[in-house]
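The chain contents come next:
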Amino acid sequence: MNTRLLILMTILVVSISACSFSSSSNQSKHHSHVDHIHTDDHMMTSDHDGSVVKHDNLEISGAWARPGFEGGNSAVYMKITNSDVESEYLISANSSRCRLVEIHEIIIDGDIMRMSPVGANMLIPAGDEIVFEPGGYHLMMIDLESDMIFGDKFDLELKFRNSEDVIVSVSVPENMVE
Ligand SMILES: [Cu+2]
């Protein structure tokens with residue numbers, strides 16, 4: 001019981017700080033942990049701006065990103081559903097808003113929590129879905145070209161092994177701040 005609670009709390013803390021190493025200190029002054037938790041719940045249960053991309057047998061929904069500073073990092077979250085009878089693989093992602101996008105996951109290894117690159121072939125099983133969410137999988141935007149602020153929208157391109165490239169509209173939700 002205590003261990004579960006500890007892990008849960010650690011996940012929440014890491015999900016807040018994991019993806020903005022160089023610039024998180026300014027951000028975290030402005031809103032409490034509770035704000036983030038509440039926002040994350042909200043983002044997972046609604047489509048926010050209603051942006052859903054359907055392409056062949058793939059559906060990408062609920063894409064959103066954390067704010068970040070020029071030269072720093074951000075993270076993008078979304079849900080990818082594969083309704084095909086064949087497995088699909090996410091190969092890479094890119095955006096003109098940052099130098100590099102990497103597929104990461106947060107791993108709990110005993111008492112230690114760390115981020116780990118997933119690599120270039122992330123399985124999206126047939127008839128299943130992959131959820132990118134705080135504390136788990138995320139698309140990490142590295143070296144932002146400019147500040148990314150609340151209300152921003154940008155395109156993120158996803159490359160798959162079998163399906164054509166998909167461009168997803170990602171928003172930085174205003175409601176991350178009260
Ligand atoms: Cu990361």
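Residues numbered from 1 in each chain as written. Predicted model: local features only at pLDDT ≥ 70, side-chain atom pairs only at ≥ 80, totals over all residues.

Chemist: Looking at this structure, how should I read the overall build of the protein chain?
Modeler: Across its full length, the protein chain holds three helices and 11 strands. Listing each helix as α and each strand as β along the protein chain from the N terminus yields α-α-α-β-β-β-β-β-β-β-β-β-β-β. By sequence separation, contacts in the protein chain at least 24 residues apart represent 71% of the contacts at least 6 residues apart. (Helix = DSSP H or I, 4+ residues; strand = E, 2+ residues; numbered from the N terminus. Contact = placed C-beta atoms within 7 Å.)

Chemist: Just checking my understanding: could you explain the pairing of strand S9 (residues 138-144) for this structure?
Modeler: For a regular strand, side chains alternate in direction, first toward one face of the sheet and then toward the other. With five of its seven residues buried, S9 lies for the most part within the structure. Pairing of strand S3 (residues 74-82) with S9 involves three bridges; the strand directions are antiparallel. Opposite Val76, over in S9, you have Leu139 as the bridge partner. As paired strands, strand S5 (residues 98-109) and S9 are joined by six bridges and run antiparallel to one another. Across the sheet, Cys98 pairs through a bridge with Leu144, a residue of S9. (Buried ≥ 20, exposed ≤ 12 C-beta atoms within 10 Å, placed from the backbone. Pairing = 2+ DSSP bridges.)

Chemist: When you look at unusual backbone geometry in this model, what are you seeing that I'm missing?
Modeler: One can expect most non-glycine residues to show negative phi and most peptide bonds to be in trans. Notably, Asp143 is not glycine yet its phi reads approximately 65°, a positive angle. Looking at the secondary structure, you find Asp143 in strand S9.

Chemist: What exactly am I supposed to notice about the pairing of strand S6 (residues 112-117) here?
Modeler: Where burial is concerned, little of S6 is hidden: zero out of the six residues are buried. For S5 and S6, the ladder comprises six bridges, and the chain directions are antiparallel. Paired with Glu105 across the bridge in S6 is Ser116. The loop that links S5 with its antiparallel partner S6 comprises two residues; one of these, Gly110, has a positive phi angle of about 65°.

Chemist: Help me out: how do you make sense of the environment of Pro173 in this one?
Modeler: Along the polypeptide, Pro173 turns up in the segment after strand S11 (166-171). Judged by C-beta crowding, with 18 C-beta atoms within 10 Å, Pro173 ranks as partly exposed. Residues Pro173 and Ala65, spaced 108 residues apart in sequence, show a C-alpha to C-alpha distance of 7.4 Å.

Chemist: Where do I start with the environment of Asp155 in this structure?
Modeler: Among the structural elements, Asp155 can be located in strand S10 (residues 153-160). The class of Asp155 is exposed, set by 12 C-beta atoms lying within 10 Å. Separated by 61 residues in sequence, Asp155 and Asn94 place their C-alpha atoms 8.8 Å apart. Residues in contact with Asp155, not counting those within four places in the same chain, are Ser95, Ile167 and Ser169.

Chemist: Sorry, what's going on with the confidence of the model for the protein chain here?
Modeler: A residue-level look at the protein chain finds 70% of positions with pLDDT of 70 or above and a mean pLDDT of 78. Confidence scores differ between elements of the protein chain, with helix H3 (residues 33-45) showing the lowest mean pLDDT of 35 and S9 the highest of 98. Contacts for the low-pLDDT stretch residues 5-48, under 50 throughout, to residues beyond four places or in other chains number 59 contacts. (pLDDT = per-residue confidence, 0-100.)

Chemist: I tried to follow the nonpolar core on my own but got confused; where do I start?
Modeler: Note that soluble globular proteins tend to have their nonpolar side chains buried in a common cluster. Counting 30 residues, the largest nonpolar core has Val76, Met78, Leu139 and Val168 as its most contacted members. Excluding residues within four positions of it along the chain, Val168 makes contact with Val53, Ile60, Ala63, Met78, Leu156 and Leu158. (Core = buried A, V, L, I, M, F, W, Y, C linked by C-beta atoms within 7 Å.)

Chemist: Whenever I open this one, the environment of Met141 confuses me. Can you help?
Modeler: Topologically, Met141 is positioned in strand S9. By C-beta crowding, Met141 is classed as buried, having 30 other C-beta atoms within 10 Å. A C-alpha to C-alpha distance of 9.2 Å links Met141 and Ala65, two positions 76 residues apart in sequence. The residues touching Met141, leaving out its near neighbours within four places in the chain, are Asn73, Ser74, Ala75, Val76, Ser95, Arg97, Cys98 and Val101.

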